[in-house]
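A look at the structure
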Amino acid sequence: MEIDMQALGEKIEKHSVFIDDIYSELEKVIVGQKYMIDRLLIGLLADGHVLLEGVPGLAKTLTVSSLAKVIDTKFQRIQFTPDLLPADLIGTLIYNQKESEFNVKKGPIFANIVLADEINRSPAKVQSALLEAMQEKQVTISETTFPLDKPFLVLATQNPVEQEGTYTLPEAQVDRFMLKLKIGYPTEAEELEIMRRMAKTGDKPQLRPVTNAIKILEARSVINEIYVDEKVEKYIIDLIFATRYPEKYNLTDLKELIDFGASPRASINLNLASRAHAFMEHRAYVTPDDVRTIAMDILRHRIIPTFEAEAEEITPEDIVEKILMTIQVP
């Protein structure tokens with residue numbers, strides 16, 4: 001089918017204007033952290049949930065709540081604790097004595113952007129309730145099923161340092177997150193700017209909405225039209241299959257290091273996230289660079305290393321890096 005790339009390019013330009021406005025507005029309160037903001041926007045545009053891993057104090061919560069303000073959507077922050085119950089998350093039935101009937105009280109998950117703070121602090125039952133809502137985009141309370149608002153995005157954080165009193169997310173559940181981000185410390189210059197801005201009492205700068213949920217949903221439909229060449233599609237498949245059958249891609253040394261490779265969700269999400277990245281660059285087509293830019297965040301939590309790899313202190317990131325260096329770029 002013939003694609004009018006010029007018309008498509010103009011359409012992308014028109015619908016992606018708000019991206020620059022979001023960056024400009026977030027700069028009022030967030031210093032640096034462009035990597036985190038980029039990936040959160042990719043998750044928002046590609047309809048994929050994001051897992052953020054980083055030590056406390058790196059503005060994860062501030063960035064997520066600020067993003068919700070600038071896109072004018074409902075935001076809820078849930079602090080996950082060992083005594084949290086599924087009903088605290090999704091809601092429950094409350095008995096109304098006056099009317100002698102049960103009424104539904106919806107939980108904090110009924111929002112557009114949900115921040116699950118320290119998701120690994122709650123037991124498996126609570127994690128399952130959240131992940132079911134993430135996958136099905138609906139919640140069942142008693143016998144009634146309620147669809148969740150669109151857009152619906154879960155941004156979960158976990159602290160990689162402190163493991164006492166935590167419940168590790170099973171690999172099958174982690175796979176439901178489109179992206180896993182590893183947030184690092186700011187540079188010296190950024191930290192100096194952070195200190196100058198934040199070391200003050202009183203109110204912080206107020207953010208204004210620059211877009212809304214309707215425009216986000218429109219952008220998602222436009223992203224589906226972004227052109228992905230057959231060679232780029234094949235490149236995505238090669239990257240995924242290299243995690244499963246490394247010996248077929250001249251990566252025989254990785255065979256003993258990978259227990260399980262990436263699932264089919266990886267190829268779907270890598271395609272979608274690459275399109276979202278192209279959209280943010282105001283482009284109507286995906287390049288191999290889009291794929292390479294986002295590949296680490298799509299794959300790092302989907303490769304399960306063997307005991308041999310762990311013994312040699314080889315991480316999933318090392319494996320992904322080797323694959324990206326070896327697979328031929330179209």
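Structure first, text after, so check above.
What comes next is a walk through the structure. (Residues numbered from 1 in each chain as written. Predicted model: local features only at pLDDT ≥ 70, side-chain atom pairs only at ≥ 80, totals over all residues. Heavy atoms only, no water.)

**Here's the deal with the overall build of the protein chain**
Put simply, the rule is: The secondary structure listing takes helices from DSSP runs of H or I that are at least 4 residues long and strands from runs of E that are at least 2 residues long, numbered from the N terminus. Throughout, radius of gyration means the C-alpha value; the globule benchmark is 2.2 Å times the number of residues raised to the power 0.38. Residue contacts are counted whenever heavy atoms from the two residues lie within 4.5 Å of one another. Each accessible area value is a Shrake-Rupley result obtained with a 1.4 Å probe; residue values ignore everything except the protein chains displayed when judging cover. Charge assignment in this entry is limited to Lys and Arg as positive and Asp and Glu as negative, and neither His nor the chain termini are counted. Charge positions come from single atoms, namely NZ of Lys, CZ of Arg, CG of Asp or CD of Glu.
Assigned secondary structure in the protein chain consists of 14 helices and 11 strands. Relative to the 2.2 N^0.38 estimate, which gives 20 Å for 330 residues, the radius of gyration of the protein chain is 21 Å and therefore close to what a compact globule would have. Once the C-alpha set of the protein chain is aligned to its principal axes, its extents read approximately 70 × 50 × 50 Å. Across the protein chain, contacts joining residues at least 24 apart in sequence account for 79% of those joining residues at least 6 apart. Summed over its atoms, the accessible surface of the protein chain is roughly 16,900 Å², and 51% of this surface lies on carbon and sulfur atoms. Mean positive and mean negative side-chain charge positions of the protein chain (38 and 52 charges, respectively) differ by 4 Å.

**Digging into the layout of surface pockets**
To keep it simple, the criterion reads: Definitions used throughout: a 1 Å grid over protein atoms alone; a cavity as a set of points that fits a 1.4 Å probe which cannot get out; a pocket as an open set with protein on both sides within 12 Å along at least five of seven lines; a lining residue as one with an atom within 4 Å of a point. Grid points are joined across faces, edges and corners, and a volume is the space filled by probe spheres set on the points. Asp, Glu, Lys and Arg are counted as charged, while Ala, Val, Leu, Ile, Met, Phe, Trp, Tyr, Cys and Pro are counted as nonpolar; the rest, among them Gly, fall into the polar class.
By volume, the second largest pocket amounts to about 270 Å³. Looking at the second largest pocket, it is lined by 15 residues, and the ones nearest its centre are Gly57, Leu58, Ala59, Pro186 and Ile194. Element by element, the count of residues in the lining of the second largest pocket is highest for helix α8 (residues 188-198), at five residues. Residue classes in the lining of the second largest pocket are distributed as 11 nonpolar, two polar and two charged.

**A closer look at helix α3 (residues 34-45)**
Rule in force here: In a helix, the anticipated span is given by 1.5 Å times the number of residues less one. Relative accessible area decides the class of each residue, using a 1.4 Å probe on protein chains only: under 20% of the type maximum gives buried, over 50% gives exposed, and in between gives partly exposed.
Counted at 1.5 Å a residue, the expected span for α3 with its 12 residues is 16 Å, and the 16 Å between its end C-alpha atoms agrees. A large share of α3 lies buried, amounting to 10 of its 12 residues. Listed as buried for α3 are Met36, Ile37, Asp38, Arg39, Leu40, Leu41, Ile42, Gly43, Leu44 and Leu45.

**A short note on the pattern of salt bridges**
Formally: We define a salt bridge as a side-chain nitrogen of Lys or Arg found within 4 Å of a carboxyl oxygen belonging to Asp or Glu.
Taken as a whole and judged by the stated rule, the model has 21 salt bridges. Lys182 is the salt-bridge partner of Glu53, the closest N and O atoms lying 3.7 Å from each other. Of this pair, Glu53 sits in strand β1 (residues 50-53) while Lys182 sits in strand β9 (residues 179-182), and the two are 129 residues apart along the sequence. Exposure remark for Glu53: the relative accessible area of 12% places this residue in the buried category.

**Re the environment of Pro82**
Tracing the chain through its elements places Pro82 in the loop between β2 (75-79) and α5 (86-90). Judged by relative accessible area, Pro82 falls into the partly exposed class, the value being 48%.

**Focus on the packing of aromatic side chains**
What counts is decided by this rule: Stacked, tilted and edge-to-face are the three classes applied to pairs of Phe, Tyr and Trp rings, where Trp contributes its six-membered ring and a pair requires centres within 6.5 Å; stacked means planes under 30 degrees apart, edge-to-face means over 60, and tilted covers the rest.
Scanning the model with the defined rule gives four aromatic pairs in all. For the ring pair Phe110 and Phe146, a centre distance of 6.2 Å and an interplane angle of 85 degrees mean the geometry is edge-to-face. Taken together, the positions of Phe110 in the loop between β4 (101-106) and β5 (113-117) and Phe146 in strand β7 (residues 144-147) put the pair 36 residues apart, joining distant regions of the chain. Neither residue differs from the other here; Phe110 and Phe146 are each classed as buried. Ring centres 5.9 Å apart and planes at 40 degrees place the aromatic pair Phe241 and Tyr245 in the tilted group. Exposure remark for Phe241: the relative accessible area of 31% places this residue in the partly exposed category.

**Comments concerning the sheet that holds β5**
Rules: Two strands are said to pair when DSSP picks up at least two bridges between them. To obtain an axis, a line is fitted to C-alpha atoms, over the contacting stretch when the element is a helix, and the angle between two such axes runs from 0 to 180 degrees between their N-to-C directions.
Here we have five strands laid out as an open sheet, ordered β2-β5-β8-β1-β9, and parallel in their pairing. The open sheet has two edge strands, β2 and β9, and neither has a second partner. The mean angle between the axes of side-by-side strands here comes to 15 degrees, regardless of whether they run parallel or antiparallel. Relative to β9, β1 is paired through four bridges, and the arrangement is parallel. Its bridge partner being in β9, Leu52 is matched across the sheet by Leu181. Contacts from α3 reach β1, β8 (153-158) and β9 within the one sheet, and its direction differs from that of β9 by about 170 degrees.

As far as function goes, none of this settles anything; it's purely spatial.
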